[in-house]
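# Coordinate inspection notes
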Amino acid sequence: MLNPKILRRYPWMSPLLILLIVVVVYAWALRGIKVDFELIISSWPYITDFVSRLFPPDITVVDIAIKALIETVQMSLWGTTIGAILSLPIAVASASNVAPRWLQWLANLLQNAVRSVPSIILGLIFVAATGLGAPAGTLALAIYTIGYLAKFYQQAIEAVNAKSLESLQVMGASRFQIVQYGILPQVLPLGLGYTLWMFEYNIRAASVLGVVGAGGIGFQLKSYIDGFEYNKATTMMLVLLVVVTVIDAFSSKLRQRLDSM
C-alpha cells in the first residue's frame, strides 16, 4: 500500500492507480474468456447471412404474435404480483432496522438462494412439475421475482428515516405497528416503482422462458427459429419490441409520479 502522505503530496497518483487496477482486472478477464478475434472476424459473413434471413418480416403471423404476446403479459402480471406479495414479508424479515439478526440471516439466505437460480432453470423445474404452458412460466416468474424485489424492498426499508422509527419505539409501538405506520408510508412509492420495473423486466424474461416450453411469445419464437422460419420470428420480435417500448414509456411516467410523492 502506498503511504497516504505520498498520495496527499501527489494527488494525481490516486486516479492513476485506480485506472491501472481497472486495466489489470479487465485484461485478466479478457484473458480468462479466451476471445479469438480472428474467429470473430472470419465469422462475420455467417452473422450477416443469418441477419439477412430475418427480413422482411412475415406479417401474416401478426395475429399469432399478438395472441402469444397477450399470454406473455398475463404471465408477467400474475408472476410479478405473486412475487411482490411474497417478497414483502421476506424484505421486512431481512431489514436490519426492523428484524432481529437471526431472522435477517435466514431471510437474506433465502433471497440469495432464489437469486442464484436462473429464471430458465426455474422454468424447466415448473415445466417438469406442471407441464408445458403458461402456468409453469407464471410460477417461474413469481419465484424469480422474489429474489430481486425482496432485495429492493429491503434496501428501501433500510433507507427510511430512523427518527420516525425511534419516535414510534419511544411511544411503545410494537414491531408490527412500526412497520405499518413508520415504514410502509415511506417505502410504498419507492416499492411501487420497483414493482413496475420488475413487471417490465418479467415481460422480457417471460419471452425467454418460452424457450423451455413455459408459454408466451418465446415458445412461438423458438418454434419458428427451429423451423427456419426466420421471417415469422422477426415479426414476433418486432411485436414484442413495440409492446415493451409502450409499457416502458407508460411505467416510466408512472414511476416519475410515484417519485414525486
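The name an unreviewed UniProt entry gives the protein is Phosphonate ABC transporter permease, with Nostoc piscinale CENA21 as the organism.

## What to know about the overall build of the protein
Along the backbone of the protein there are eleven helices and zero strands. Order of helices (α) and strands (β) in the protein, N terminus to C terminus: α-α-α-α-α-α-α-α-α-α-α. Compactness check: the protein gives a C-alpha radius of gyration of 24 Å against a globular reference of 18 Å for 261 residues, more than 25% above the reference. Along the first, second and third principal axes, the C-alpha set of the protein runs to 65 × 55 × 35 Å.

## Here we look at the nonpolar core
Ranked by size, the top nonpolar core spans 31 residues in total, and within it V98, L141, I157, I183 and V187 carry the most contacts. Contacts of I157, omitting those with residues within four sequence positions, involve A91, V92, A95, N97, V98, I183 and V187. Of all hydrophobic cores here, the second largest spans 15 residues; its members include V61, A65, A68 and F199.

## Details of the UniProt feature "domain: ABC transmembrane type-1" (unreviewed entry) in the protein
The UniProt record marks residues 69-251 with the feature "domain: ABC transmembrane type-1" (unreviewed entry), using the residue numbering of this structure. As annotated, residues 69-251 comprises 84% helix and 0% strand, and the C-alpha atoms at either end are separated by 18 Å.

## A short note on the pattern of salt bridges
Applying the stated criterion across every chain, the model contains three salt bridges. D226 is the partner of K222 in a salt bridge, and the nearest nitrogen-oxygen pair spans 2.7 Å. Taken together, the residues span about one helical turn, with K222 and D226 both in helix α10 (residues 217-226) at a distance of four residues. With a relative accessible area of 46%, D226 lands in the partly exposed category. The partner of E229 in a salt bridge is K232, with the nearest N and O atoms 3.0 Å apart. Judged by its relative accessible area of 32%, E229 is partly exposed. Look at K232 and you get partly exposed, because its relative accessible area is 22%.

## Considering the UniProt feature "transmembrane region" (unreviewed entry) in the protein
Per the UniProt record, the feature "transmembrane region" (unreviewed entry) sits at residues 12-30, 77-99, 119-144, 178-197, 203-221 and 233-251. The span residues 203-221 shows a helical share of 63% and a strand share of 0%, and its end C-alpha atoms are spaced 14 Å apart. Structurally, residues 233-251 is divided into 100% helix and 0% strand, and its ends, taken at the C-alpha atoms, are 27 Å apart.

## Re the side chain of T195
Note on placement: T195 falls in helix α9 (residues 175-209). The exposure class of T195 is buried, given its relative accessible area of 17%. In terms of polar contacts, T195 uses its side chain to reach the backbone carbonyl oxygen of G191, at 2.8 Å. Dropping the residues within four chain positions of it, T195 is found in contact with T80, A84, L149 and Y153.

## Some details on the packing of helix α6 (residues 119-130) against helix α7 (residues 134-158)
One way to put it is that α6 packs onto α7 with a least axis distance of 8 Å and a crossing angle of 135 degrees. With respect to α7, the element α6 is oriented oblique. The chirality of how α6 crosses α7 is right-handed. Two secondary-structure elements touch here, α6 through S119, L122, G123, F126, V127 and T130 and α7 through P135, A136, L139, A140, I143 and Y144. Grouping the amino acids of the contact of α6 with α7 by side-chain chemistry returns nine nonpolar, three polar and no charged.

Reading guide: rules and limits
- Residues numbered from 1 in each chain as written.
- Predicted model: local features only at pLDDT ≥ 70, side-chain atom pairs only at ≥ 80, totals over all residues.
- Heavy atoms only, no water.
- Helix = DSSP H or I, 4+ residues; strand = E, 2+ residues; numbered from the N terminus.
- Rg over C-alpha atoms; globule rule 2.2 N^0.38 Å.
- Core = buried A, V, L, I, M, F, W, Y, C linked by side-chain atoms within 4.5 Å.
- Buried < 20%, exposed > 50% of the residue type's maximum accessible area, 1.4 Å probe, protein only.
- Contact = heavy atoms within 4.5 Å.
- UniProt positions renumbered as here; feature names shortened; annotations may be inferred.
- Salt bridge = Lys/Arg side-chain N within 4 Å of Asp/Glu carboxyl O.
- Polar contact = N/O pair within 3.5 Å; in protein donor to acceptor, adjacent residues only side chain to side chain.
- Axes fitted to C-alpha atoms, helices over the stretch in contact; angles between N-to-C directions.
- Parallel < 35°, antiparallel > 145°, perpendicular 65-115°, else oblique.
- Left-handed = near helix turned anticlockwise from the far one by under 90°.
- Nonpolar A, V, L, I, M, F, W, Y, C, P; charged D, E, K, R; others polar.

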